[in-house]
Amino acid sequence: MTPVAATVGGQAVPVAEVDARETRLRAGPLAATLPAPGTSEGRQLRRWLTQLIVTERVIAAEAAALGVTGADAPAESEVLPDATARLEIGSIAAAALADPSARAVFACVTAGLDVSDDEIADYHARNPMRFACPASTGDGWRAPPTAPPLQQVRPLIAEHLRGALRRRAFRAWLDARRAALVRLAPGYEHPGDPRQPDNTHRH
């Protein structure tokens, strides 16, 4: 019987697929930074790769169900504009969103979400300097920035809050779809699962 790392909607993810993904990664430019095979950290890497593979399969199935393709996708920089956005959504979802079809699913799932004028005003009241720019004095020096009026920065705040809202919603949606569709074999649990022996995150 072919060893299985996980199933997605009843379809097997062979251990050989995880092996192949690890081999490609270890042959790439990040090879020197990766943990040694067979160590606790090496097993955690394999768990992370398994999570990425099952996430890709879940998203591919959802893309087919929703009838979206990469042609419908926003740019990666729109979905994940900076390192903070990648941290918000999580490393596995961020890696999956490198695929245009995954970004098309993101756009479809989060299309109806937006922020209110009150949320924008509240954010500006709490963070008046968030989008402030230093003012030039005209002689090569810069004056200290002053808080811009709400109307001036409203579009920037709206974009910032909308992006964060949509990333949270996509992550919650993706977590729910994985919970419904994915079953992980022993040894291929989520890296953060406290029940697996290589999880070293302790409180």
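This report concerns the structure included in the present document. Small disclaimer: the values here were computed from a predicted structure and weren't measured.

### Side note on helix H1 (residues 15-26)
- With 12 residues, H1 should cover 16 Å at 1.5 Å per step; its first-to-last C-alpha distance of 16 Å lies within 8% of that length.
- Listing the buried residues of H1 in full gives Val-15, Val-18, Arg-21 and Glu-22. Take H1 and look down its axis: the buried residues cluster within an arc of 125°, on one side only. Residues Ala-16, Thr-23 and Arg-24 are exposed on H1 and point more than 90 degrees away from its buried face.
- If you follow the buried residues of H1, they end up packed against strand E1 (4-8), strand E2 (11-14) and helix H2 (40-66).

### A few points about the environment of Ile-89
- Note on placement: Ile-89 falls in helix H4 (residues 83-89).
- When the C-alpha atoms of Ile-89 and Leu-181 are compared, they prove to be 20 Å apart, with 92 residues separating the residues in sequence.
- The contacts of Ile-89, once residues within four sequence positions are left out, are Leu-80, Ala-94, Leu-97, Phe-106, Arg-167, Phe-170 and Arg-171.

### Comments concerning the packing of helix H6 (residues 100-110) against helix H8 (residues 150-181)
- Relative orientation of the contacting elements H6 and H8 amounts to 105°, with a least axis distance of 10 Å. Put simply, H6 runs roughly perpendicular to H8. Contacts from Val-105, Phe-106, Val-109 and Thr-110 of H6 reach H8 at Arg-166, Arg-167, Ala-169, Phe-170 and Trp-173.

### Quick word on the pattern of salt bridges
- Taken as a whole, this structure holds 15 salt bridges when the rule is applied.
- Note that Arg-46 and Asp-19 form a salt bridge whose closest N and O atoms lie 2.8 Å from each other. On the criterion of sequence distance, the pair formed by Arg-46 in helix H2 and Asp-19 in helix H1 is long-range, its members being 27 residues apart.
- Classification of Arg-46 as buried rests on a relative accessible area of 16%.
- Judged by its relative accessible area of 34%, Asp-19 is partly exposed.
- For the salt bridge of Arg-86 with Glu-76, the shortest nitrogen-to-oxygen distance reads 2.9 Å. On the criterion of sequence distance, the pair formed by Arg-86 in helix H4 and Glu-76 in helix H3 (residues 76-79) is long-range, its members being 10 residues apart.
- The exposure class assigned to Arg-86 is partly exposed, which follows from its relative accessible area of 34%.
- Using a relative accessible area of 26% as the deciding quantity, one classes Glu-76 as partly exposed.

Rules used throughout
Residues numbered from 1 in each chain as written. Predicted model: local features only at pLDDT ≥ 70, side-chain atom pairs only at ≥ 80, totals over all residues. Heavy atoms only, no water. Helix = DSSP H or I, 4+ residues; strand = E, 2+ residues; numbered from the N terminus. Expected span 1.5 Å × (residues − 1). Buried < 20%, exposed > 50% of the residue type's maximum accessible area, 1.4 Å probe, protein only. Arc of directions from axis to C-beta. Contact = heavy atoms within 4.5 Å. Axes fitted to C-alpha atoms, helices over the stretch in contact; angles between N-to-C directions. Parallel < 35°, antiparallel > 145°, perpendicular 65-115°, else oblique. Salt bridge = Lys/Arg side-chain N within 4 Å of Asp/Glu carboxyl O.

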